[in-house]
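What follows is each chain in one-letter form.
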Amino acid sequence: MLIKTHRDGFIHPIGSEITPQSAYQGRRDMLKLMASGLAGAALASWASREALAQAQRPGKLAALAAAKSNAAGAVTMEKLTPYKDATTYNNFYEFGTDKADPARNAHTLKTTPWTVEIDGLVKKPAKYQLEDLLKLSAQEERIYRLRCVEGWSMVIPWVGYSLSKLIEKVEPLGNAKFVEFITQADPKTMPFVGSRVLDWPYVEGLRMDEAMHPLTLLSFGMYGEVLPNQNGAPVRLVVPWKYGFKSGKSLVRIRFTDREPKTAWNKAAANEYGFYSNVNPDVDHPRWSQATERRIGEDGLFAKKRKTLMFNGYEAQVGQLYAGMDLKKNF
Ligand code: MTE
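Described below are features of the structure shown in this document. All of these numbers come straight from a predicted model, not from anything done at the bench. (Residues numbered from 1 in each chain as written. Predicted model: local features only at pLDDT ≥ 70, side-chain atom pairs only at ≥ 80, totals over all residues. Heavy atoms only, no water.)

Observations concerning the nonpolar core
Generally speaking, soluble globular proteins have nonpolar side chains that are buried together.
Consideration 1: In terms of nonpolar packing, the biggest core is built from 80 residues, with Leu166, Leu218 and Phe256 touching the most fellow members.
Consideration 2: At six residues, the largest contribution of residues to this core is made by strand β7 (residues 152–162).
Consideration 3: Among residues more than four places away in sequence, those in contact with Leu218 are Leu133, Val159, Gly160, Tyr161, Leu163, Leu166, Val235, Arg236, Leu237 and Leu251. (Core = buried A, V, L, I, M, F, W, Y, C linked by side-chain atoms within 4.5 Å. Buried < 20%, exposed > 50% of the residue type's maximum accessible area, 1.4 Å probe, protein only. Helix = DSSP H or I, 4+ residues; strand = E, 2+ residues; numbered from the N terminus. Contact = heavy atoms within 4.5 Å.)

As structure tokens, this is what we get:
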């Protein structure tokens, strides 16, 4: 555990394992160059780009220390999505439906103090202050692809720990079969809560074995820094093998239940958004194909699209959770 929360509410680094977001891509590019023997020539230009990137870092975000994960599937050598794209092209309907709206509007979200309530079918219901939730387990860095149902994807270095660590602490009862994730819905600080797009609060759900899967991440940060508001501060879920909308932002309550939760997008359009929502190139959305995707920040408007992978490329890790299920019916 390498983090310490100060009175100002931010998380300050101790130890030396912090990787500023601007350094990520540089280091990865460097590794590739070193392998190809071109490192020396590239060093000078890399250093100046690095200085530029440092200067552009948003000052209000504090660094979040995390060790690299060695969980299966948690690392990819794919190019990271630039920080700027990951923080300005967002879905967070509480702050508007345009991709640029969350970055523009989410400054009103009040993230301190923050409490996450755990209730329902558990032996130890609890109300966790964010600081206590942060201390519950060591932070890890996981580089996950996030595939949005709309047909685009990103590659983001998330910081957090497996949700299973929290679930083990609260001891679900034997009849708990599902987990419901309820997110903040405060009309005073979230200007679009109350709009008719969705039935608020934004609710998502997982089956218990999905919630317990080590890849399911309770995330507090990205690119080595605490989550920007538009990305779901101060705590969100990241479920990398499912469409992005399963990854609820700004969580306030986690409820254990014996029934499949009624999720926000399923309530809005049941024929378009099923409970499972596993990334599946073979099951089209009723209004578009899911066979390909556009990688944000990397591909130009006319660039060739990428093929979407089954379970977003995490089939080896999660495929067995769905053995024997008809994934066309359970989309
Ligand atoms: N969580 C809440 N509370 N509200 C939302 O509108 N949008 C979802 C998900 N979590 C959403 C949410 C969708 S559709 C996607 S694709 C991801 O957040 C986007 O996460 P990102 O903006 O960090 O890439």
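Some points on the side chain of Thr216
Consideration 1: With respect to the helices, strands and loops of the structure, Thr216 is situated in the loop between α7 (208–212) and β10 (217–222).
Consideration 2: Judged by its relative accessible area of 0%, Thr216 falls in the buried class.

Things to note about the pairing of strand β4 (residues 115–120)
Consideration 1: Pairing of β4 with strand β5 (residues 126–129) involves four bridges; the strand directions are antiparallel. The partner of Glu117 across the bridge, within β5, is Lys127.
Consideration 2: Adjacent in sequence and paired antiparallel, β4 and β5 are bridged by five residues.
Consideration 3: Note: β4 against strand β13 (residues 251–257), four bridges, orientation parallel. Looking at β13, one finds that Asp119 is bridged to Arg255. (Pairing = 2+ DSSP bridges.)

Brief notes about the pattern of salt bridges
Consideration 1: Under the counting rule described, the total for this entry stands at 19 salt bridges.
Consideration 2: As a salt-bridge pair, Glu78 and Arg295 come within 2.8 Å of each other at their nearest N and O atoms. Note that Glu78 is positioned in the loop between β3 (67–68) and α3 (83–88) and Arg295 in strand β14 (residues 292–295), a separation of 217 residues in sequence.
Consideration 3: Between Asp101 and Arg104 there is a salt bridge, with the nearest N and O atoms lying 2.8 Å from each other. Taken together, the residues span about one helical turn, with Asp101 and Arg104 both in helix α4 (residues 101–105) at a distance of three residues.
Consideration 4: Salt bridges sharing common partners tie together Glu78, Arg145, Arg147, Glu293, Arg295 and Arg306. (Salt bridge = Lys/Arg side-chain N within 4 Å of Asp/Glu carboxyl O.)

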